[in-house]
Amino acid sequence: MREVAAGSGRLPIGLAATARSLTAVEPARPLRDILLARLPEVAVLDAVAEDLPIADRWADLTVSCASLGPSLAVLAELERCTKLGGTLALISPEQPE
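Residues numbered from 1 in each chain as written. Predicted model: local features only at pLDDT ≥ 70, side-chain atom pairs only at ≥ 80, totals over all residues. Heavy atoms only, no water.

A. Quick peek at the overall build of the protein chain. Tallying secondary structure elements over the protein chain gives three helices and five strands in all. Listing each helix as α and each strand as β along the protein chain from the N terminus yields β-α-β-α-β-β-α-β. Sequence separation of at least 24 residues holds for 52% of the intrachain contacts in the protein chain that already meet a minimum separation of 6. (Helix = DSSP H or I, 4+ residues; strand = E, 2+ residues; numbered from the N terminus. Contact = heavy atoms within 4.5 Å.)

What follows is the structure, given as structure tokens:
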């Protein structure tokens, strides 16, 4: 499972409880530090959503909360990382349900 724009870990905490494997991506060092302190068992990568250091079709589930911005390049990158038949979940922080 891959979580992009993981922030300080609000969403990854719930994902880590159910995922066999979770890798979080967060470009901001202060947020990565908080995330690592909260979830030391999770691999945390320093990267941006437009250029993920992830193999093609790696994740069964790719989750992103508020990482799209105005660029469709982010969506293409998230799709590239998600297995065919996998799930890409885009979550709005304003309406997380």
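Further notes follow.
B. Focus on helix α3 (residues 72–81). Those residues of α3 that fall on the buried side of the exposure criterion are V74, E77, L78 and C81. Across the axial projection of α3, the buried residues extend over an arc of 100°, all falling on one side. (Buried < 20%, exposed > 50% of the residue type's maximum accessible area, 1.4 Å probe, protein only. Arc of directions from axis to C-beta.)

C. Highlighting the pattern of salt bridges. All told, the structure shown has six salt bridges when counted by the stated rule. R32 is paired through a salt bridge with D46; the nearest N and O atoms lie 3.2 Å apart. You can see R32 sitting in helix α2 (residues 29–38) and its partner D46 sitting in the loop between β3 (43–45) and β4 (59–65), a full 14 residues away along the chain. We classify R32 as buried; its relative accessible area is 10%. One salt bridge in this structure joins R80 and D56, with 2.6 Å as the shortest N-O distance. (Salt bridge = Lys/Arg side-chain N within 4 Å of Asp/Glu carboxyl O.)

D. View of the pairing of β4. Along β4, five of the seven residues are buried, which leaves the element largely enclosed by surrounding structure. Across six bridges, β4 lies against strand β5 (residues 82–91) in parallel orientation. Of the residues in β5, the one forming a bridge with C65 is I91. (Pairing = 2+ DSSP bridges.)

E. Inspection of the side chain of R32 at higher detail. Within the local environment of R32, its side chain forms a polar contact with the backbone oxygen of E26, the two atoms lying 3.2 Å apart. A polar contact is formed between the side chain of R32 and the backbone oxygen of P27, at a distance of 2.9 Å. Not counting residues within four places of it along the chain, the set of residues in contact with R32 comprises E26, P27, V44, L45 and D46. (Polar contact = N/O pair within 3.5 Å; in protein donor to acceptor, adjacent residues only side chain to side chain.)

F. Up close: unusual backbone geometry. One non-glycine residue, R57, lies in positive phi territory at about 55°. As for its placement among the helices and strands, R57 is situated in the loop between β3 and β4.

G. Seen up close, the environment of S21. When you line up the elements, S21 lands in the loop between α1 (10–16) and β2 (23–25). A relative accessible area of 36% means that S21 is categorised as partly exposed.

H. Just the nonpolar core, in detail. The biggest cluster of nonpolar side chains holds ten residues, and these are A6, L15, A19, L22, A24, L35, L39, V42, V44 and V63. V25, A47, A49 and L78 belong to the second largest nonpolar core, which has eight residues in total. (Core = buried A, V, L, I, M, F, W, Y, C linked by side-chain atoms within 4.5 Å.)

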